[in-house]
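The primary structure of each chain is shown beneath.
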Amino acid sequence: MRHRLWLSVRHLRPSSVLVPVRSMSSFTIPTTDKTDDASGSIPVNSIADLNRDDLSRFPAFQIWLSTLQRSLKRQQHPSHEFNHDPYVLRKIDIQSVDHFKDGRLGFVKLKADVSNGNGETLPGTVFLRGGSVGMLIILQPDDAPLSNEDSKRAILTIQPRIPAGSLAFPEIPAGMLDDSGTFAGAAAKEIEEETGLTIPQNELVDMTSLALQSISEPEDGESLQKAVYPSPGGSDEFIPLFLCQKRMPRKDIESLQGRLTGLRQHGEKITLKIVPLKDLWKEALRDGKTLAAWALYNGLKQDRRI
(Lines give C-alpha, C1' and ligand atoms only; values in the text may rest on other atoms or scores of the structure.)
Protein backbone atom coordinates (compact mmCIF):
# COMPACT_ATOMS: atom_id res chain seq x y z
CA MET A 1 0.00 0.00 0.00
CA ARG A 2 1.53 3.29 -1.09
CA HIS A 3 0.38 6.81 -0.35
CA ARG A 4 1.54 10.13 -1.77
CA LEU A 5 0.81 13.28 0.19
CA TRP A 6 0.95 16.89 -0.97
CA LEU A 7 1.41 19.88 1.29
CA SER A 8 0.33 23.40 0.40
CA VAL A 9 3.12 25.84 1.31
CA ARG A 10 2.24 29.55 1.16
CA HIS A 11 5.06 31.89 0.22
CA LEU A 12 5.21 35.68 0.38
CA ARG A 13 3.40 35.80 -2.93
CA PRO A 14 -0.37 35.25 -2.85
CA SER A 15 -0.08 31.98 -4.85
CA SER A 16 0.56 28.63 -3.20
CA VAL A 17 2.88 25.80 -4.25
CA LEU A 18 2.25 22.08 -3.84
CA VAL A 19 5.30 20.32 -2.41
CA PRO A 20 5.43 16.49 -2.65
CA VAL A 21 6.10 14.52 0.51
CA ARG A 22 8.11 11.32 0.19
CA SER A 23 6.08 8.24 -0.74
CA MET A 24 5.48 5.66 1.98
CA SER A 25 4.68 1.97 1.85
CA SER A 26 3.13 -0.33 4.41
CA PHE A 27 3.67 -4.05 4.88
CA THR A 28 4.02 -6.65 7.61
CA ILE A 29 6.87 -8.93 8.65
CA PRO A 30 6.45 -12.22 10.52
CA THR A 31 7.37 -12.48 14.16
CA THR A 32 8.22 -15.42 16.39
CA ASP A 33 7.28 -13.43 19.51
CA LYS A 34 4.08 -15.04 20.88
CA THR A 35 3.38 -11.94 22.96
CA ASP A 36 2.56 -10.07 19.76
CA ASP A 37 -0.93 -9.92 18.24
CA ALA A 38 -2.68 -13.04 16.99
CA SER A 39 -1.76 -12.37 13.37
CA GLY A 40 1.87 -13.21 14.16
CA SER A 41 3.14 -10.22 12.24
CA ILE A 42 4.49 -6.73 12.86
CA PRO A 43 3.22 -3.72 10.86
CA VAL A 44 5.95 -1.72 9.14
CA ASN A 45 5.62 1.77 7.69
CA SER A 46 8.51 2.47 5.36
CA ILE A 47 9.74 5.09 2.96
CA ALA A 48 9.34 3.94 -0.64
CA ASP A 49 13.10 3.37 -1.03
CA LEU A 50 12.84 0.22 1.08
CA ASN A 51 10.50 -2.72 0.52
CA ARG A 52 9.78 -5.76 2.66
CA ASP A 53 12.17 -8.09 0.84
CA ASP A 54 15.12 -5.68 1.04
CA LEU A 55 14.48 -5.02 4.73
CA SER A 56 14.08 -8.73 5.56
CA ARG A 57 17.37 -9.56 3.80
CA PHE A 58 19.34 -6.79 5.54
CA PRO A 59 21.67 -8.66 7.97
CA ALA A 60 21.64 -5.87 10.56
CA PHE A 61 17.83 -5.91 10.66
CA GLN A 62 17.70 -9.71 10.87
CA ILE A 63 20.07 -9.79 13.84
CA TRP A 64 18.39 -6.86 15.62
CA LEU A 65 14.86 -8.22 15.21
CA SER A 66 15.67 -11.81 16.24
CA THR A 67 17.63 -10.57 19.26
CA LEU A 68 14.82 -8.29 20.38
CA GLN A 69 12.16 -10.97 19.85
CA ARG A 70 14.07 -13.45 21.99
CA SER A 71 14.46 -10.87 24.75
CA LEU A 72 10.74 -10.05 24.61
CA LYS A 73 9.85 -13.73 24.77
CA ARG A 74 11.82 -14.10 28.01
CA GLN A 75 9.13 -11.98 29.71
CA GLN A 76 6.88 -15.06 29.71
CA HIS A 77 8.89 -16.55 32.57
CA PRO A 78 7.23 -15.82 35.95
CA SER A 79 10.52 -14.56 37.41
CA HIS A 80 10.98 -11.89 34.74
CA GLU A 81 10.68 -8.31 35.95
CA PHE A 82 8.11 -7.46 33.26
CA ASN A 83 6.09 -10.70 33.43
CA HIS A 84 3.02 -9.05 34.98
CA ASP A 85 2.72 -6.55 32.11
CA PRO A 86 5.02 -7.58 29.25
CA TYR A 87 6.30 -5.23 26.58
CA VAL A 88 5.36 -5.89 22.96
CA LEU A 89 6.88 -4.77 19.66
CA ARG A 90 3.77 -3.24 18.10
CA LYS A 91 5.05 -1.57 14.93
CA ILE A 92 8.16 -0.30 13.15
CA ASP A 93 8.52 3.00 11.32
CA ILE A 94 11.41 3.16 8.83
CA GLN A 95 12.53 6.79 8.79
CA SER A 96 15.53 6.82 6.43
CA VAL A 97 17.94 4.57 4.54
CA ASP A 98 21.42 4.91 3.04
CA HIS A 99 22.98 2.70 0.38
CA PHE A 100 26.62 1.98 -0.33
CA LYS A 101 28.06 2.94 -3.70
CA ASP A 102 27.55 -0.59 -5.00
CA GLY A 103 23.82 -0.36 -4.24
CA ARG A 104 23.84 -2.51 -1.12
CA LEU A 105 21.74 -1.39 1.81
CA GLY A 106 24.10 0.26 4.26
CA PHE A 107 22.27 2.00 7.10
CA VAL A 108 18.66 2.16 8.30
CA LYS A 109 17.14 4.50 10.87
CA LEU A 110 13.91 3.30 12.41
CA LYS A 111 11.53 3.86 15.30
CA ALA A 112 10.32 0.75 17.11
CA ASP A 113 7.08 1.05 19.09
CA VAL A 114 7.67 -1.15 22.15
CA SER A 115 5.04 -0.74 24.87
CA ASN A 116 3.10 -2.65 27.51
CA GLY A 117 -0.60 -2.93 28.27
CA ASN A 118 -0.55 0.24 30.38
CA GLY A 119 0.80 2.24 27.47
CA GLU A 120 4.28 2.58 28.96
CA THR A 121 6.85 2.77 26.16
CA LEU A 122 10.55 2.01 25.93
CA PRO A 123 12.91 4.27 23.94
CA GLY A 124 12.98 2.77 20.45
CA THR A 125 14.89 5.02 18.06
CA VAL A 126 17.45 2.75 16.38
CA PHE A 127 20.29 3.39 13.93
CA LEU A 128 20.92 0.03 12.26
CA ARG A 129 24.42 -0.50 10.87
CA GLY A 130 25.27 -4.03 11.95
CA GLY A 131 28.54 -5.47 13.10
CA SER A 132 32.07 -4.17 12.91
CA VAL A 133 35.44 -5.52 14.02
CA GLY A 134 38.20 -3.85 15.99
CA MET A 135 41.83 -4.95 16.25
CA LEU A 136 44.38 -4.32 18.96
CA ILE A 137 47.68 -4.81 17.11
CA ILE A 138 50.69 -5.10 19.40
CA LEU A 139 54.14 -5.03 17.87
CA GLN A 140 57.32 -5.93 19.71
CA PRO A 141 60.92 -5.66 18.49
CA ASP A 142 62.33 -9.15 17.94
CA ASP A 143 65.46 -8.18 19.86
CA ALA A 144 63.47 -7.50 23.06
CA PRO A 145 62.53 -10.17 25.63
CA LEU A 146 58.98 -11.50 25.22
CA SER A 147 58.17 -10.53 28.81
CA ASN A 148 59.21 -6.90 28.32
CA GLU A 149 55.89 -5.03 28.22
CA ASP A 150 57.62 -1.64 27.96
CA SER A 151 59.00 -2.54 24.54
CA LYS A 152 55.56 -3.25 23.10
CA ARG A 153 53.92 -0.81 20.69
CA ALA A 154 50.32 -0.48 19.52
CA ILE A 155 49.05 0.74 16.16
CA LEU A 156 46.56 3.59 15.98
CA THR A 157 44.90 4.92 12.86
CA ILE A 158 44.41 8.67 12.54
CA GLN A 159 41.61 9.48 10.12
CA PRO A 160 38.64 11.76 9.48
CA ARG A 161 35.50 10.79 11.38
CA ILE A 162 32.87 13.25 10.23
CA PRO A 163 30.12 11.97 12.62
CA ALA A 164 32.44 12.98 15.48
CA GLY A 165 33.29 16.26 13.76
CA SER A 166 36.92 15.25 13.51
CA LEU A 167 39.48 15.15 10.70
CA ALA A 168 42.12 13.40 12.83
CA PHE A 169 40.46 10.87 15.13
CA PRO A 170 42.79 8.35 16.86
CA GLU A 171 41.54 4.79 17.22
CA ILE A 172 42.57 1.17 16.82
CA PRO A 173 42.09 -0.28 13.31
CA ALA A 174 38.45 -1.19 12.69
CA GLY A 175 35.97 -1.77 9.92
CA MET A 176 32.46 -2.88 9.10
CA LEU A 177 31.63 -6.52 8.47
CA ASP A 178 30.84 -7.70 4.97
CA ASP A 179 27.61 -9.57 4.28
CA SER A 180 29.57 -12.82 4.22
CA GLY A 181 32.67 -14.27 5.82
CA THR A 182 33.84 -14.58 9.41
CA PHE A 183 34.67 -12.04 12.08
CA ALA A 184 38.30 -13.14 12.02
CA GLY A 185 38.39 -12.93 8.24
CA ALA A 186 37.03 -9.41 8.33
CA ALA A 187 39.58 -8.46 10.98
CA ALA A 188 42.48 -9.84 8.93
CA LYS A 189 41.22 -7.98 5.86
CA GLU A 190 40.94 -4.68 7.74
CA ILE A 191 44.42 -5.09 9.23
CA GLU A 192 45.90 -5.45 5.76
CA GLU A 193 43.91 -2.55 4.30
CA GLU A 194 44.58 -0.14 7.15
CA THR A 195 48.14 -1.07 8.14
CA GLY A 196 49.65 -2.97 5.21
CA LEU A 197 50.43 -5.93 7.50
CA THR A 198 49.35 -9.40 6.39
CA ILE A 199 48.17 -11.43 9.38
CA PRO A 200 46.77 -14.98 9.03
CA GLN A 201 43.36 -15.43 10.63
CA ASN A 202 44.66 -18.17 12.92
CA GLU A 203 47.04 -15.70 14.57
CA LEU A 204 44.16 -13.50 15.75
CA VAL A 205 42.70 -13.91 19.23
CA ASP A 206 39.03 -13.02 19.69
CA MET A 207 39.35 -11.28 23.05
CA THR A 208 35.60 -10.73 23.44
CA SER A 209 34.71 -14.39 23.02
CA LEU A 210 37.63 -15.43 25.23
CA ALA A 211 36.49 -13.12 28.02
CA LEU A 212 32.88 -14.34 27.77
CA GLN A 213 34.03 -17.91 28.40
CA SER A 214 34.71 -16.94 32.01
CA ILE A 215 31.19 -15.61 32.50
CA SER A 216 28.32 -17.95 33.36
CA GLU A 217 25.30 -16.98 31.27
CA PRO A 218 21.94 -18.83 31.48
CA GLU A 219 21.02 -20.93 28.44
CA ASP A 220 17.68 -19.13 28.19
CA GLY A 221 19.29 -15.69 28.51
CA GLU A 222 19.37 -12.92 25.97
CA SER A 223 21.08 -13.78 22.68
CA LEU A 224 23.38 -10.78 22.40
CA GLN A 225 26.41 -10.92 20.13
CA LYS A 226 29.82 -11.91 21.47
CA ALA A 227 30.96 -8.34 21.14
CA VAL A 228 30.97 -4.93 22.79
CA TYR A 229 28.13 -2.48 22.08
CA PRO A 230 29.61 1.04 21.93
CA SER A 231 26.29 2.92 21.83
CA PRO A 232 23.37 0.64 22.81
CA GLY A 233 21.12 3.60 23.58
CA GLY A 234 20.89 4.51 19.90
CA SER A 235 22.59 1.94 17.66
CA ASP A 236 22.67 -1.81 17.14
CA GLU A 237 26.40 -1.75 16.27
CA PHE A 238 28.38 -4.56 17.89
CA ILE A 239 32.15 -4.99 17.73
CA PRO A 240 34.12 -8.19 18.41
CA LEU A 241 37.62 -7.13 19.48
CA PHE A 242 40.61 -9.08 18.24
CA LEU A 243 44.20 -9.18 19.42
CA CYS A 244 47.21 -9.57 17.17
CA GLN A 245 50.68 -9.80 18.71
CA LYS A 246 53.59 -9.77 16.29
CA ARG A 247 57.37 -9.62 16.70
CA MET A 248 59.18 -7.64 14.03
CA PRO A 249 62.56 -6.05 13.44
CA ARG A 250 62.72 -2.75 15.27
CA LYS A 251 63.36 -0.80 12.05
CA ASP A 252 60.22 -2.28 10.45
CA ILE A 253 58.11 -1.13 13.40
CA GLU A 254 59.61 2.35 13.22
CA SER A 255 58.94 2.50 9.47
CA LEU A 256 55.19 2.27 10.12
CA GLN A 257 55.18 5.63 11.94
CA GLY A 258 53.30 8.16 9.80
CA ARG A 259 52.60 5.73 6.95
CA LEU A 260 49.62 6.70 4.75
CA THR A 261 47.24 3.77 4.30
CA GLY A 262 43.60 2.91 3.66
CA LEU A 263 41.55 2.49 0.53
CA ARG A 264 42.00 6.00 -0.79
CA GLN A 265 39.52 5.43 -3.62
CA HIS A 266 36.85 4.74 -0.97
CA GLY A 267 37.55 7.93 0.92
CA GLU A 268 39.82 6.39 3.57
CA LYS A 269 42.58 8.85 4.50
CA ILE A 270 44.49 6.97 7.18
CA THR A 271 47.78 7.85 8.83
CA LEU A 272 49.37 5.30 11.16
CA LYS A 273 50.61 6.27 14.60
CA ILE A 274 52.76 3.90 16.64
CA VAL A 275 52.48 4.44 20.40
CA PRO A 276 53.81 2.66 23.51
CA LEU A 277 51.26 0.04 24.56
CA LYS A 278 51.26 1.38 28.11
CA ASP A 279 50.11 4.78 26.76
CA LEU A 280 47.38 3.46 24.46
CA TRP A 281 44.55 4.44 26.80
CA LYS A 282 45.80 8.04 26.90
CA GLU A 283 46.50 8.31 23.19
CA ALA A 284 42.97 7.25 22.15
CA LEU A 285 40.87 7.85 25.22
CA ARG A 286 37.93 9.27 23.23
CA ASP A 287 37.45 6.04 21.31
CA GLY A 288 35.24 3.54 23.10
CA LYS A 289 36.43 0.43 21.26
CA THR A 290 40.07 1.31 21.97
CA LEU A 291 39.38 1.59 25.69
CA ALA A 292 37.38 -1.66 25.58
CA ALA A 293 40.24 -3.45 23.80
CA TRP A 294 42.71 -2.05 26.35
CA ALA A 295 40.53 -3.28 29.22
CA LEU A 296 40.06 -6.74 27.70
CA TYR A 297 43.77 -7.12 27.01
CA ASN A 298 44.73 -6.19 30.56
CA GLY A 299 41.96 -8.27 32.12
CA LEU A 300 42.79 -11.37 30.09
CA LYS A 301 46.50 -10.91 30.77
CA GLN A 302 45.82 -10.54 34.48
CA ASP A 303 43.86 -13.81 34.40
CA ARG A 304 46.66 -15.41 32.35
CA ARG A 305 44.30 -16.14 29.46
CA ILE A 306 46.65 -14.62 26.90
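Residues numbered from 1 in each chain as written. Predicted model: local features only at pLDDT ≥ 70, side-chain atom pairs only at ≥ 80, totals over all residues. Heavy atoms only, no water.

In the annotation of an unreviewed UniProt entry, the entry for the chain reads NUDIX family hydrolase, putative, and the organism field reads Aspergillus clavatus. Per UniProt, the chain has the following entry under Cofactor (unreviewed entry): "Mg(2+)". (UniProt positions renumbered as here; feature names shortened; annotations may be inferred.)

## Examining helix α3 (residues 183-195)
With 13 residues, α3 should cover 18 Å at 1.5 Å per step; its first-to-last C-alpha distance of 18 Å lies within 8% of that length. The inward-facing, buried residues of α3 contact β8 (132-141), β9 (153-161), β11 (174-176), β13 (241-248), β14 (260-261) and β15 (270-276). Trailing α3 by a residue or two, Gly196 shows a phi angle of about 85°, which is positive. (Helix = DSSP H or I, 4+ residues; strand = E, 2+ residues; numbered from the N terminus. Expected span 1.5 Å × (residues − 1). Contact = heavy atoms within 4.5 Å.)

## Details of the pattern of salt bridges
With the rule as written, the count across this model stands at 14 salt bridges. Note that Glu283 is salt-bridged to Lys273, the shortest N-O span being 3.0 Å. Of this pair, Glu283 sits in helix α6 (residues 280-283) while Lys273 sits in strand β15, and the two are 10 residues apart along the sequence. When salt bridges with common partners are traced through the structure, they connect Arg161, Glu171, Asp287 and Lys289 into a single cluster. (Salt bridge = Lys/Arg side-chain N within 4 Å of Asp/Glu carboxyl O.)

## Focus on the layout of surface pockets
A volume near 750 Å³ is recorded for the second largest pocket. Along the walls of the second largest pocket sit 27 residues, with Trp64, Thr67, Leu68, Ser71 and Pro232 positioned nearest its centre. If you list the elements that add at least two residues to the lining of the second largest pocket, you get α2 (59-73), β5 (105-115) and β7 (125-128). By residue number, the principal contributor to the lining of the second largest pocket is α2, which donates six residues. Here the residues of the lining of the second largest pocket sort into 15 nonpolar, 10 polar and two charged. Both domain 1 (24-32 + 39-128) and domain 2 (132-216 + 224-303) contribute no fewer than three residues apiece to the lining of the second largest pocket. (1 Å grid on protein atoms, 1.4 Å probe; cavity = no way out; pocket = protein on both sides within 12 Å on 5 of 7 lines; lining within 4 Å. Points joined across faces, edges and corners; volume = space filled by probe spheres on them. Nonpolar A, V, L, I, M, F, W, Y, C, P; charged D, E, K, R; others polar. Domains from an automatic or database assignment.)

## Quick look at the packing of aromatic side chains
A complete count under the given rule lists six aromatic pairs for this structure. For the pair Phe61 and Trp64, a centre-to-centre distance of 5.8 Å together with 45° between the ring planes defines the contact as tilted. Highlighted residues: Phe61 and Trp64, both in helix α2, separated by three residues, approximately one helical turn. Taken as a pair, Phe61 and Trp64 share a single burial class, namely buried. Relative to Phe127, the ring of Phe107 has its centre 5.5 Å away and its plane inclined at 20°; by these criteria the two rings are stacked. On the criterion of sequence distance, the pair formed by Phe107 in strand β5 and Phe127 in strand β7 is long-range, its members being 20 residues apart. These aromatic residues form a ring-pair network of at least three members: Phe100, Phe107 and Phe127. (Phe/Tyr/Trp six-rings, centres within 6.5 Å; stacked < 30°, edge-to-face > 60°. Buried < 20%, exposed > 50% of the residue type's maximum accessible area, 1.4 Å probe, protein only.)

## Here's the deal with the environment of Asp150
Checked against the element boundaries, Asp150 lands in the loop between β8 and β9. What makes Asp150 exposed here is its relative accessible area of 54%. For Asp150 and Gln140, which are 10 residues apart along the polypeptide, the C-alpha to C-alpha distance reads 9.3 Å.

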